[in-house]
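Commentary on secondary and tertiary structure
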Amino acid sequence: MSSAPIPFWRPDIHADRRPALLARGRVKAALRRWFEERGLTEVEAAILQLSPGNETHLHGFGTTLIDNAAQPHPYYLHTSPEFACKKLLAAGETRIFDFARVFRNRERTALHHPEFTMLEWYRSGEDYEVLMADCSALMAEAARAVGATALRWRGVEADPFAEPERLTLHEAFARHVGIDLLATVSSDGETDRAAFAAQAERAGIRLAADDSWSDIFSRVLSERIEPHIGRGRATILCEYPISEAALARPKPGDPRVAERFELYACGVELANAFGELTDPAEQRRRFEADMDEKELIYGERYPVDEDFLAALAGMPAASGIALGFDRLVMLVTGARRIEDVLWTPVAEPGRGDA
């Protein structure tokens, strides 16, 4: 029988947690200063939104807004400030960042929390590769802020001052699993589930009969690739298949892949970046396809934010990125779990304070 967690507010527990919490503040101040010195404007996206996002496996928190006529309207706590930030780009902002408190349901592990801080920034008119340089600089800034010489997680280390390794998904699948990923993606972005499954099974990946191409992709990535990247130095994993990049534009010269990258350190995903899609018709198509799949799997779907699609039509070319701020603090402080770097963790249902 498991015991209830010890309340974070107990003075002895807080005394143990406080050094990492103070380090969190130093990291936040250093990153804010870094952005401001480079001319990025800090913004604050509203948490209440008409849609929490339209990705298949993303789960929002629903709530109800009561208007002045006492009429109820469904709203959601945002899972990301992305839609709001892109509306600001359409409004004329060019370089912005937001330390956003965001909310995701069905997520609680050593690396996940129902409420956490997402650091997002956007650069209008700049290539998404500029964001790769940003990531490298910010890891170093975070480490310097707390006097860390390494990023650490579960016995794995990475040098925050080293230039990150750059690896395409095609290269990663070939190197770590022996799979020719792009042989299963056609020039129009369509995927070949049968061919992918055959390669995965030969590599010893256990599959279910109803696994989709995307399911197989996610399983191989999480089981065979993520544990081996970001060791010694960070890894930038880039050029995702277009089907795995709902908000990214195709890469010029190869429509099979998108301008998307993820940053990993110590096997931990830290950030997710896009060369932003600005075609509202294509974005609507992707949203509706993802919601159809969500309804099939989970029996629910979220509304599409029509105001976002309208703004997208006027949004300039831009790149954007979301970085898990709490995870970065974990790695520079060597914390064991995300709750260790949160001032007041969300209480677990029926078990009091975390």
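Residues numbered from 1 in each chain as written. Predicted model: local features only at pLDDT ≥ 70, side-chain atom pairs only at ≥ 80, totals over all residues. Heavy atoms only, no water.

1. With respect to the overall build of the protein chain
- Across its full length, the protein chain carries nine helices and 16 strands.
- Against the compact-globule benchmark of 20 Å for 354 residues, the protein chain has a radius of gyration of 21 Å, which places it among compact chains.
- With respect to the principal axes defined by its C-alpha atoms, the protein chain has extents near 60 × 55 × 50 Å.
- Taking all 354 residues of the protein chain together, the buried fraction comes to 49%.
- In the protein chain, 68% of the contacts between residues at least 6 apart in sequence involve partners at least 24 apart.
- Total accessible area on the protein chain stands at roughly 15,900 Å², and carbon and sulfur atoms take up 49% of it.
- Put simply, the protein chain has 42 plus and 57 minus side-chain charges, and the middle of one group is 6 Å from the middle of the other. (Helix = DSSP H or I, 4+ residues; strand = E, 2+ residues; numbered from the N terminus. Rg over C-alpha atoms; globule rule 2.2 N^0.38 Å. Buried < 20%, exposed > 50% of the residue type's maximum accessible area, 1.4 Å probe, protein only. Contact = heavy atoms within 4.5 Å. Areas by Shrake-Rupley, 256 points an atom, 1.4 Å probe, with all protein chains shown as cover. Lys, Arg positive; Asp, Glu negative; His and termini not counted. Charge placed at Lys NZ, Arg CZ, Asp CG, Glu CD.)

2. Things to note about the layout of surface pockets
- Within this model, the second largest pocket holds a volume of roughly 400 Å³.
- If you trace the second largest pocket, you find 19 residues lining it, with Ile13, Arg17, Arg336, Arg337 and Asp340 closest to the centre.
- In terms of residue count, helix α1 (residues 11–37) provides more of the lining of the second largest pocket than any other element does, five residues in total.
- In terms of residue class, the lining of the second largest pocket is built from nine nonpolar, two polar and eight charged. (1 Å grid on protein atoms, 1.4 Å probe; cavity = no way out; pocket = protein on both sides within 12 Å on 5 of 7 lines; lining within 4 Å. Points joined across faces, edges and corners; volume = space filled by probe spheres on them. Nonpolar A, V, L, I, M, F, W, Y, C, P; charged D, E, K, R; others polar.)

3. Focus on the sheet that holds strand β3 (residues 61–66)
- Judged by pairing direction, the sheet is antiparallel, and its three strands sit side by side in the order β2-β4-β3 without closing on themselves. Every interior strand has two partners, whereas the edge strands, β2 (48–49) and β3, have only one.
- One ladder, built from two bridges, connects β2 with strand β4 (residues 72–77); its direction is antiparallel. Note on β4: the bridge partner recorded for Leu48 is Leu77. (Pairing = 2+ DSSP bridges.)

4. Quick look at the environment of Arg32
- For Arg32, the position within the fold is in helix α1.
- With 259 residues separating them in the primary sequence, Arg32 and Met291 have C-alpha atoms 35 Å apart.
- If we ignore the near neighbours within four places in the chain, the residues touching Arg32 are Glu42, Phe97 and Phe99.

5. Focus on the packing of aromatic side chains
- If you walk through the whole model with that rule in mind, you get 15 aromatic pairs.
- When the centroid spacing of 5.8 Å and the interplanar angle of 45 degrees are considered together, the rings of Phe83 and Phe287 count as tilted. Placement of the pair is Phe83 in helix α2 (residues 82–91) and Phe287 in helix α7 (residues 280–298), with a sequence separation of 204 residues. For the pair Phe83 and Phe287, a shared accessibility class is recorded, and that class is buried.
- Where Phe99 meets Phe325, the ring centres are 5.5 Å apart and the plane angle is 85 degrees; that geometry is what we call edge-to-face. Residue Phe99 is located in strand β5 (residues 95–103), and its partner Phe325 is located in helix α9 (residues 325–333); the two are separated by 226 residues in the primary sequence.
- The exposure class of Phe99 is buried, given its relative accessible area of 10%. (Phe/Tyr/Trp six-rings, centres within 6.5 Å; stacked < 30°, edge-to-face > 60°.)

6. Comments concerning the environment of Leu181
- Within the secondary structure, Leu181 sits in the loop between α4 (169–177) and α5 (193–202).
- A residue is classified by how much of its surface remains accessible, and Leu181, at 1% relative accessible area, is buried.
- Spatially, the C-alpha atoms of Leu181 and Leu167 are 14 Å apart, while their sequence positions differ by 14 residues.
- Filtering out sequence-adjacent residues up to four positions away, Leu181 remains in contact with Leu169, His170, Phe173, Phe196, Trp213, Phe217 and Pro241.

7. Regarding α2
- For α2, the full list of buried residues reads Glu82, Phe83, Ala84, Cys85, Lys86 and Leu89.
- With its phi angle positive at about 125 degrees, Gly92 sits one or two positions after the end of α2.

8. Structural notes on the sheet that holds strand β8 (residues 156–159)
- With mixed pairing, three strands are arranged side by side in an open sheet as β7-β8-β10. Strands with a single pairing partner mark the edges of an open sheet, and in this sheet they are β7 (151–153) and β10 (232–233).
- Two strands pair when backbone bridges link them, and β7 and β8 are joined in this way by three bridges, in the antiparallel orientation. Paired with Arg152 across the strands is Glu157, a residue of β8.

9. Notes on unusual backbone geometry
- Even without being a glycine, Arg154 presents a positive backbone phi close to 50 degrees.
- Of the residues examined, Arg154 reaches a relative accessible area of 66% and is grouped as exposed.
- Backbone geometry places Cys266, a non-glycine residue, at a positive phi of 60 degrees.
- Topologically, Cys266 is positioned in the loop between β14 (260–265) and β15 (268–275).

10. Focus: the pairing of β4
- Judged from the six bridges that link them, β3 and β4 form a sheet pairing that is antiparallel. Across the sheet, the residue bridging to Gly62 is Tyr76, located in β4.
- From the end of β3 to the start of β4, which pair antiparallel, there are five residues, and Ala70 there has a positive phi angle of about 65 degrees.

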